[in-house]
2 protein chains.
Amino acid sequence: MTERIDLAAVMERLAGAEDILLLCHKNPDGDTLGSAGALYWALTALGKRAAIFCSDPVTERYDYMQLGLYDGSWEPKYVAAIDVAGIQLFGEGAAQYLKRVDLCIDHHPSNSGYADATLLEPEAAATAEIIYLLICRMEVEFTPVMADCLYTGVSTDTGCFKFANTTPRTHHIAAELMERGAHFVHLNELLFESKSQRRLAIEQTALSHLEYHFGGRCALMYVSRDEILQTGADSNDLEGITSIPRMIEGVVVGVTMRQLESGSYKVSVRTAGEIDACKICAALGGGGHMRAAGCEFFGNLENAKAAVLAEVEKQI
Amino acid sequence: MTERIDLAAVMERLAGAEDILLLCHKNPDGDTLGSAGALYWALTALGKRAAIFCSDPVTERYDYMQLGLYDGSWEPKYVAAIDVAGIQLFGEGAAQYLKRVDLCIDHHPSNSGYADATLLEPEAAATAEIIYLLICRMEVEFTPVMADCLYTGVSTDTGCFKFANTTPRTHHIAAELMERGAHFVHLNELLFESKSQRRLAIEQTALSHLEYHFGGRCALMYVSRDEILQTGADSNDLEGITSIPRMIEGVVVGVTMRQLESGSYKVSVRTAGEIDACKICAALGGGGHMRAAGCEFFGNLENAKAAVLAEVEKQI
Ligand SMILES: [Mn+2]
Ligand SMILES: [Mn+2]
């Protein structure tokens, strides 16, 4: 059972800690890296030895955060997990640091309470919001690098202030990060206006198989295993394209099908309005949420398509 | 010569005005409509007769603003232009209302001062920011419809808080509009996460002709006249796709070529970093800005491409 603590207690514990390792979750996103990054800079400014560890490599696009990654040259005495909801999210490479997690700072309502002490704010749109409030209370200069780290966390976790988790506080914090020197124009270009050649290629391929059904209310696209290999698309790229069919005007059910190594099809369903994506997928042995769900279909493309469209028709 | 007035003076003039016509600019965008819409609702709440006029039709996607459009059944006694930088931007259909423009509220630095009195705030990211401050001072209830109108203006003029015109105040106002009931999730889906079938089709067609040059530092795509006609793409759609090639990772010069009715090619150049788009286009008889420029090239596709790429090579 974890001890739930508040911001003041976190301040106190960090003030008393030395040789601090900050752990990020695997497949690191802008929030886990930006939050850990800003905290790393703040702790360093307090004269403490600190570093960041992530079991997966950090992509070059985040170089501007100047993350102090752990090089193994010293032994951590205090371990803090940042934006990590459960122990399984650290990734295998982190196992050696998990004997004891002293502190966890997170915003996921599903946080499992694996750490000795946890500061959990489920109403925060991003862990970066919590770290912002923390650093504001610390006796350190708030630098533009910290502001860039936290702007990254806040903007990526909210889809640039578009998602339902965005609150008025999110915008107020964004304003204050701009005032503290966040290079928001450059960051937004990098984070939201840029695409890899690979991602564009798989998008293009999937769209070449775009079909409209039920009078344009359903759009469906698919990519074969060969096409995935040919474009070099990774799982992030494939996840990224699933939102495209639903974005088309008039479409209320967007379906993306990608062939797996086994030959079967992974189906992603995205819906708008009153249509329940989970019902469509549950009927095919899958599950998910109202707006986003998925299932796997064993069989060839034509059979998989027919089965999915039959379920879509029942809901549309 | 226009009289420059402040917010308090605008309040006073509107308080004394009756039968107010609010004029939007042609090709109306989210800011001119949202700003005029919110002001329409505020004036109506004050018990005044008011309406909105725009020389171009308002697309259905803005229906949620419940804009009170002018039906010609009464004679305007007071005319106020909202987000209109110059007289030529009203469009031909507005000529009859321009004998006297009593008031202009705008944020364009280029505002020509055509109105009797002007409230100009060039540091406002959107006219909607100014209207927000105005309505806050008025003795009216701030309704969710007004908040939706103003959120629309602010978010569309800043590309959802991404463009360089965004200021800390923009974010603070967005926060307050959320608190006043703006349906920001729905609005963002509608404004930023939706694409017409037509737009998607022309994107798809253009990308099918995507070429990389100079080791991936330049990306070029084109659409023929036949393809434009086949997809039904309009000038907005064509303008919209010009940002795509530059978005690709590693690309510093993005070139989009579209064939005109005359058979010649209109070339749009978008650049990143230190590369001057205007220099590239100026060498071909065109012009524009550092990051975005254009030119027209008479000749067939191969000649046009070769000429543009030769200029790109000089700058890259
Ligand atoms: Mn997060
Ligand atoms: Mn504007």
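What counts, and where the lines are drawn
- Residues numbered from 1 in each chain as written.
- Chains lettered and ligands numbered in written order.
- Predicted model: local features only at pLDDT ≥ 70, side-chain atom pairs only at ≥ 80, totals over all residues.
- Heavy atoms only, no water.
- Donors = N, O, S within 2.8 Å, 3.2 Å for Na, K, Ca; no water.
- Helix = DSSP H or I, 4+ residues; strand = E, 2+ residues; numbered from the N terminus.
- Buried < 20%, exposed > 50% of the residue type's maximum accessible area, 1.4 Å probe, protein only.
- Least-squares fit on C-alpha atoms with pLDDT ≥ 70 in both.
- Contact = heavy atoms within 4.5 Å.
- Disulfide = S-S within 2.5 Å.
- Pairing = 2+ DSSP bridges.
- Buried area = accessible area lost by both parts, 1.4 Å probe.
- Salt bridge = Lys/Arg side-chain N within 4 Å of Asp/Glu carboxyl O.
- Polar contact = N/O pair within 3.5 Å; in protein donor to acceptor, adjacent residues only side chain to side chain.
- Nonpolar A, V, L, I, M, F, W, Y, C, P; charged D, E, K, R; others polar.

(A) Quick peek at the coordination of the manganese ion (ligand 1). All names here are of chain A. Those protein atoms acting as donors to the manganese ion (ligand 1) are D31 (OD), D83 (OD), H107 (NE2) and D157 (OD), and they sit at 2.2 to 2.4 Å. Read in sequence order, the donor residues coordinating the manganese ion (ligand 1) give the pattern D-x51-D-x23-H-x49-D. One end of the pair, D83, is in the loop between β4 (78–82) and β5 (103–106); the other, H107, is in the loop between β5 and β6 (117–120), with 24 residues separating them in the sequence. Pair check on accessibility: D83 and H107 agree, each one buried.

(B) Just the coordination of the manganese ion (ligand 2), in detail. All names here are of chain B. In the first shell of the manganese ion (ligand 2), the protein supplies D31 (OD), D83 (OD), H107 (NE2) and D157 (OD), at 2.1 to 2.4 Å from the metal. Of note, the manganese ion (ligand 2) draws all its donor residues from one chain, in the sequence arrangement D-x51-D-x23-H-x49-D. In this pair, D31 sits in helix α2 (residues 30–45) while H107 sits in the loop between β5 (103–106) and β6 (117–120), placing the two residues 76 residues apart along the sequence. Here D31 matches H107 in class, with each residue buried.

(C) Spotlight on the relation of the copies chain A and chain B. Its rotation angle being 180°, the transformation that places chain A on chain B also includes 0.0 Å of axial translation and leaves an RMSD of 0.4 Å. Taken together, these values place the two copies in the relation of a two-fold axis. Both copies share a contact surface, since 100% of the interface residues of chain A are interface residues in chain B too.

(D) Quick look at the state of the cysteines. Tallied over the full model, the rule gives 0 disulfides over all chains. Considering cysteine sulfurs only, C281 of chain A is the nearest to C218 of chain A, which forms no disulfide, with 12 Å between them. Residue C218 of chain A is classed as buried on the basis of its relative accessible area of 0%. Counting only cysteine sulfurs, C54 of chain B is the nearest neighbor of C24 of chain B, a cysteine outside any disulfide, at a range of 5.4 Å. Accessibility expressed as a relative area gives 1% for C24 of chain B, which makes it buried.

(E) Fine view of the pairing of strand β8 (residues 218–223) of chain B. Residue and element names in this part refer to chain B. With 6 of 6 residues buried, β8 lies mostly within the body of the structure. Across the two faces of β8 the burial is the same, with C218, L220 and Y222 and A219, M221 and V223 all buried. Here strand β7 (residues 211–213) runs beside β8; their pairing, made up of 3 bridges, is antiparallel. Bridge pairing links H213 to C218 in β8. As consecutive antiparallel partners, β7 and β8 are separated by 4 residues, and within that stretch F214 has a phi angle of approximately 50°, a positive value. Judged from the 6 bridges that link them, β8 and strand β9 (residues 253–259) form a sheet pairing that is parallel. Bridged to M221 within β9 is T256.

(F) Structural detail: the interface of chain A and chain B. Each partner contributes residues to the interface: chain A has 38 residues there, and chain B has 38 residues. Both faces combined, the contact of chain A with chain B buries some 3500 Å², and carbon together with sulfur accounts for 58% of it. Area buried by chain A at its contact with chain B is led by K162, H171 and M247 of chain A, which between them contribute 19% of it. A salt bridge links E189 of chain B to R246 of chain A; the shortest N-O distance between them is 3.8 Å. Inspection of the region where chain A meets chain B yields 11 residue pairs in polar contact (both at pLDDT 80 or more). Secondary-structure elements contributing two or more residues to the side of chain A that touches chain B are α5 (168–179), α6 (184–192), α7 (197–208) and α10 (244–247) of chain A. Ranked by the residues each element gives to the side of chain A that touches chain B, the list is headed by α5 of chain A, at 7 residues. Grouping the amino acids of the side of chain A that touches chain B by side-chain chemistry returns 18 nonpolar, 11 polar and 9 charged.

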